[in-house]
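# Notes for the structure review
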Amino acid sequence: MSFAIEATHVVKRFARATILEDMSLAVRPSEIACLIGPSGCGKSTLLRILSGLERDHAGRVVIDGREVTGPSRAVGFMFQEPRLLPWLTVHDNIVLGLPRAKRRDGSTLVATLLAQVHLEGSERALPRQLSGGMAQRVALARALATEPSVLLLDEPFSAVDALTRMSLQELVLAIWQRTRITMLLVTHDLDEALYLSDRVFVMSGRPATLTEVIDVDLARPRDRRDPEIARRRVQLMDALHVASVPPSAARGDPR
Amino acid sequence: MVKDPITARPQRGASSWLALLLPLVLLLTWQVTTSVTRVFLPHQLPSPWQVVTTAWELAQDGELSRHVVASLGRILAGFVIGAGAAILVGTLVGLSQAVEIMVDPTLQLVRNVPSLAWVPFLLLWLGIGEAPKITLIAIGAFFPVYLNLLTGIRQTDRKLIEVGYVFGMGRVDLVWRIILLSAFPYLLTGLRIGIGQSWLFLVAAELIASTRGLGFLLIDGQNTARPNIMLVGILVLAGFGKLSDAVLRCIERRVLHWTDGFEGRERR
């Protein structure tokens, strides 16, 4: 079978430090996959390499059968922050990535996208008038505007409060239900990874390699309280070695 | 849910009388010290009323408008040339470190030449017509615009440029649609300082063998010991300086309604 995203033997070095050591992963078409690992391990770097933002790496990245040599409209990217252009209205921000001709008569497309992210009628608003969650939803609409086949998300909900995060996760799932877009999401939130994804890729600390792939294998819609999710959470924590710290050390007891 | 971007901000009109307070106090003090207590004699400082009368007389015989037209023409030409050149050079320098290394140190050296020091050389190089005057004003307008635009371009958020990269924008698109727009607030500040500098340099420019212009009016008043004429010149210069700044501020407010900074307004 062919993969939507395929990275083989990717190595990335900054100056002398090796960030990624022989990373290989493959995401299936229409799959939601999460990338999880210790902070600073190079998850975001890997995602940026997949998007074509980061170059100068060894190894091969193929998206939809085409080798990635730079950013393309076929790959949507969502940052940790909304990164809306403050001088453009919501409408103009959403059509930012479209070719000139489509930018000019994009109002139907914008209306459809805004409805999908529950921001109907906000076309004329400016970014400074939006809350963090609203701005991130506009950023999602912008990433989808070019109709990418793959969406890469770099800790997209880490800067919003817990309730907003849950509603954004629902939003992403609803969009996935409709479009079946392939998604790879970097996160440090175990619950987010287990709630959203089909598979979770676990990365080690620097230099990072892929240490484990966890199949979540649960039907959607999922229940956040499902004991099956809790069971996989333990498995995931083991993979991340979070649980390997002995309780006495965690409490700071004298030895 | 979402407020209209143009009308969302509170109106300023209500507090505009505050802006008139200080000028009115100054005017009153001036009138009292010259015509009531006579701290200043008319040949030292004529009263506001005398100045108004002089201005009226100058306006009546068309003298004043002759000077104003001459000066406005020079300002307009000099500012457009100077600011235009600054936008061009500032953009080139801002976008390329190589160009910056080549050009910027020299410009910083030239920037510190005082306006009056240019006068004899411009006379030697360009003669005594309009050319040296307009050139001097252009020099005055150039540097504030150049410096501010350069700063603005270099302040562009790398994260926003990355958004452009993600959408596969080329260099031209990045410059036009992200970098220059992001630098726009700085550019407008530069233009406002630049137009102010233009008026300052105008007076120096009209030292150059001129027979018309507000700067000439000042020098003429000085040479013929008529402080009332000098004051008319000063006030008209100040008025037009303020007016040109107000025009740019108006443009600034319209164009930059997207900014989200501290506005100095008290909390309610």
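Let me sum up the structure you'll find in this document. (Residues numbered from 1 in each chain as written. Chains lettered and ligands numbered in written order. Predicted model: local features only at pLDDT ≥ 70, side-chain atom pairs only at ≥ 80, totals over all residues.)

### As for the overall build of chain B
For chain B, the helix and strand inventory stands at eleven helices and zero strands. Each helix (α) and strand (β) of chain B, taken in turn from the N terminus, gives the series α-α-α-α-α-α-α-α-α-α-α. With the principal axes as the frame, chain B shows a C-alpha extent of 70 × 60 × 30 Å. Excluding contacts between residues fewer than 6 apart, the proportion of contacts in chain B whose partners are at least 24 apart in sequence is 72%. (Helix = DSSP H or I, 4+ residues; strand = E, 2+ residues; numbered from the N terminus. Contact = placed C-beta atoms within 7 Å.)

### What to know about the interface of chain B and chain A
Taken together, the contact pairs 16 residues of chain B with 19 residues of chain A. For the side of chain B that touches chain A, the secondary-structure elements that each account for two or more residues are α7 (158-166) and α8 (171-182) of chain B. A total of six residues in the side of chain B that touches chain A trace back to one element, the largest contributor, which is α7 of chain B. Residues of the side of chain B that touches chain A, tallied by class, amount to ten nonpolar, one polar and five charged. (Nonpolar A, V, L, I, M, F, W, Y, C, P; charged D, E, K, R; others polar.)

### Topic: the sheet that holds strand β9 (residues 199-203) of chain A
All names here are of chain A. With mixed pairing, the six strands of this open sheet are ordered in space as β6-β7-β8-β3-β9-β10. A single partner strand is all that each edge strand has here, and the edge strands are β6 (75-78) and β10 (210-215). Strand-to-strand, the axes of this sheet are offset by a mean angle of 15 degrees, without reference to chain direction. With four bridges connecting them, β6 and strand β7 (residues 150-154) associate as parallel partners. Counterpart to Met78 in the pairing with β7 is Leu153. (Pairing = 2+ DSSP bridges. Axes fitted to C-alpha atoms, helices over the stretch in contact; angles between N-to-C directions.)

### Things to note about the environment of Ile229 of chain B
In this fold, Ile229 of chain B is placed in helix α11 (residues 227-255). Sequence separation of Ile229 of chain B and Phe184 of chain B is 45 residues, and the distance between their C-alpha atoms is 40 Å.

### Considering the environment of Asn112 of chain B
Residues and elements named next belong to chain B. Mapped onto the elements of the fold, Asn112 is located in the loop between α4 (97-111) and α5 (115-126). By C-beta crowding, Asn112 is classed as exposed, having 8 other C-beta atoms within 10 Å. C-alpha separation for the pair Asn112 and Leu207, spaced 95 residues apart in sequence, amounts to 20 Å. (Buried ≥ 20, exposed ≤ 12 C-beta atoms within 10 Å, placed from the backbone.)

### Some points on the environment of Arg111 of chain B
All names here are of chain B. Take Arg111: it is sitting in helix α4. Taking the number of C-beta atoms within 10 Å as the measure of exposure, Arg111 has 13 and is therefore partly exposed. Through-space distance from the C-alpha of Arg111 to that of Leu27 is 36 Å; in sequence the pair is 84 residues apart.

### Topic: the sheet that holds strand β4 (residues 58-63) of chain A
All names here are of chain A. What the four strands build is an open sheet, ordered β2-β1-β4-β5; its pairing is antiparallel. The open sheet has two free edges, formed respectively by β2 (17-27) and β5 (66-67), since each of these has just one partner strand. Summarising the sheet, strand β1 (residues 5-14) and β4 pair through five bridges and their orientation is antiparallel. Opposite Ile5, over in β4, you have Ile63 as the bridge partner. Against the sheet, helix α1 (residues 43-51) engages β1, β2 and β4, with an angle of about 120 degrees to β1.

### Quick word on the packing of α7 of chain B against α8 of chain B
All names here are of chain B. Taken N-terminus to C-terminus, the directions of α7 and α8 make an angle of 160 degrees; their axes are 10 Å apart at the nearest point. As the angle between them shows, α7 and α8 are arranged roughly antiparallel. When the axes of α7 and α8 are compared, the crossing they make is right-handed. Residues Leu160, Ile161 and Gly164 of α7 lie in contact with α8, whose contacting residues are Asp173, Leu174, Ile178 and Ser182. For the contact of α7 with α8, a count of residues per class yields four nonpolar, two polar and one charged. (Parallel < 35°, antiparallel > 145°, perpendicular 65-115°, else oblique. Left-handed = near helix turned anticlockwise from the far one by under 90°.)

### A word on the nonpolar core
With 125 residues, the main nonpolar core has Leu50, Val138 and Leu184 of chain A together with Ile137 of chain B as its most contacted residues. Per-element accounting of this core gives the leading share, 14 residues, to helix α6 (residues 130-154) of chain B. Beyond its immediate chain neighbours, meaning those up to four positions away, Leu50 of chain A contacts Ile5, Ala7, Val61, Val68, Leu152 and Leu184 of chain A. (Core = buried A, V, L, I, M, F, W, Y, C linked by C-beta atoms within 7 Å.)

### Looking at the pairing of β7 of chain A
Residue and element names in this part refer to chain A. In terms of burial, β7 is largely enclosed, as five of its five residues are buried. Of the two faces of β7, both are covered, the one formed by Val150, Leu152 and Asp154 as well as the one formed by Leu151 and Leu153. When β7 meets strand β8 (residues 182-186), the two strands line up parallel, connected through five bridges. Residue pairing for β8: Leu151 is matched across the bridge by Met183.

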